[in-house]
Amino acid sequence: MTNITMKHIAGKIKNILAVMVITAVTTACVSGPDEKQPEAIEAANNALSIGVNHYNDSKQELAISYFNNALRDFRSIDHQYGIASSCLNLSKSHLSLGNIDTAEAYLKQAKNIIERENMASLNDHIRIIESSIAIENNQLNQAKEILQPLLANNSNNAYTLAAMQNRTRIAIAEMTANNNGEVKQWTEKFEQQIKSSEQNPANKARLARFKAALSSDPKEQETLFAEALDIYRKQTNRPGIAATLQEWADVLIQQNQPEAAQDKLLRALYIRQSLQDRNNSLKTLNSLAKISDNRKTSAWIEKLQNNQFKEWDEFVTAFNQFPE
């Protein structure tokens, strides 16, 4: 294979990878090859491209299937850049479904290859995923350190936007009633970055959720959460819908509206169950436990704390509100 062809292939994979920075941060078309490629490379590139399209359409399970195919094909020809790219995409996809351990495992594989092969162009992508995992694990100081290089370079690209989104998430996680100045600061920075970046509705939905967390006006919060839900529903973005319902319910619990909160939590729980998202299902159940002494909720919290939990059909049935 000529050096020109290998450079073209690597460039094509980089273009595909670029749209996988973080959930719906950017959308891009994957162009076809300018020259005929070996069949194995073409199959792997196609699988990667289709996986990205499914991911951007919020079809994470299908995306994972195609990324697995791409990983298999790249491994069959020992294409290290393709293997690393596939692992990063699998890590991000599993992370969006709450599969933290699997996301970490794929990220570790990618990092090993990237460090060994000196693939510096993928380092920013690593930082975004690594910081997201740290946030999910409540390792907030570690997440801040990971994001610092991206926030310090004053760039205007998808990685900077993703870094600002994660930094705002950290600020909200650390927010107290008497200390919301940092949240306001990062929310404003995130909003400015959105305005100067490629427009994507999912970014507006995330911004609405940030503003709802910052607001103390119930009517404004309701408007912002409803705005985010409308965007996510149009995109059929199930993790986004569930996260918005969860956050809205937690606000309603603080406002002493248990019935309205329970409705949203049960709707969020069904989505989490359909995604087999154990970590976020636990989060929803813990919120339900705050407004109910139901032993059923406590029993399922205990079951889901087991990392080997597999009883998804029974779990759905236990909380099903609809006739069979």
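Residues numbered from 1 in each chain as written. Predicted model: local features only at pLDDT ≥ 70, side-chain atom pairs only at ≥ 80, totals over all residues. Heavy atoms only, no water.

Let us now look at the nonpolar core. Counting residues in each nonpolar core, the largest one holds 64 residues, and the members touching the most others are Leu88, Ile114, Leu285, Phe315 and Phe319. The leading source of residues in this core is helix α12 (residues 238-254), at eight residues. Those residues in contact with Phe315, other than ones at most four positions away along the chain, are Leu269, Gln273, Ser281, Leu285, Trp300, Leu304 and Phe309. Core analysis: the second largest hydrophobic core is formed by 21 residues, Leu150, Ala163, Val183 and Trp186 among them. (Core = buried A, V, L, I, M, F, W, Y, C linked by side-chain atoms within 4.5 Å. Buried < 20%, exposed > 50% of the residue type's maximum accessible area, 1.4 Å probe, protein only. Helix = DSSP H or I, 4+ residues; strand = E, 2+ residues; numbered from the N terminus. Contact = heavy atoms within 4.5 Å.)

Okay, the packing of aromatic side chains next. Across all of its chains, the model carries eight aromatic pairs by this definition. Look at Phe225 and Trp248: their rings are 5.6 Å apart centre to centre, the planes differ by 20°, and that puts the pair in the stacked class. One end of the pair, Phe225, is in helix α11 (residues 218-234); the other, Trp248, is in helix α12, with 23 residues separating them in the sequence. We classify Trp248 as buried; its relative accessible area is 12%. Seen from their ring centres, Phe309 and Phe315 are 6.0 Å apart, and the 90° between their planes marks the pair as edge-to-face. A relative accessible area of 7% means that Phe309 is categorised as buried. (Phe/Tyr/Trp six-rings, centres within 6.5 Å; stacked < 30°, edge-to-face > 60°.)

Just distances and angles here, no functional claims.
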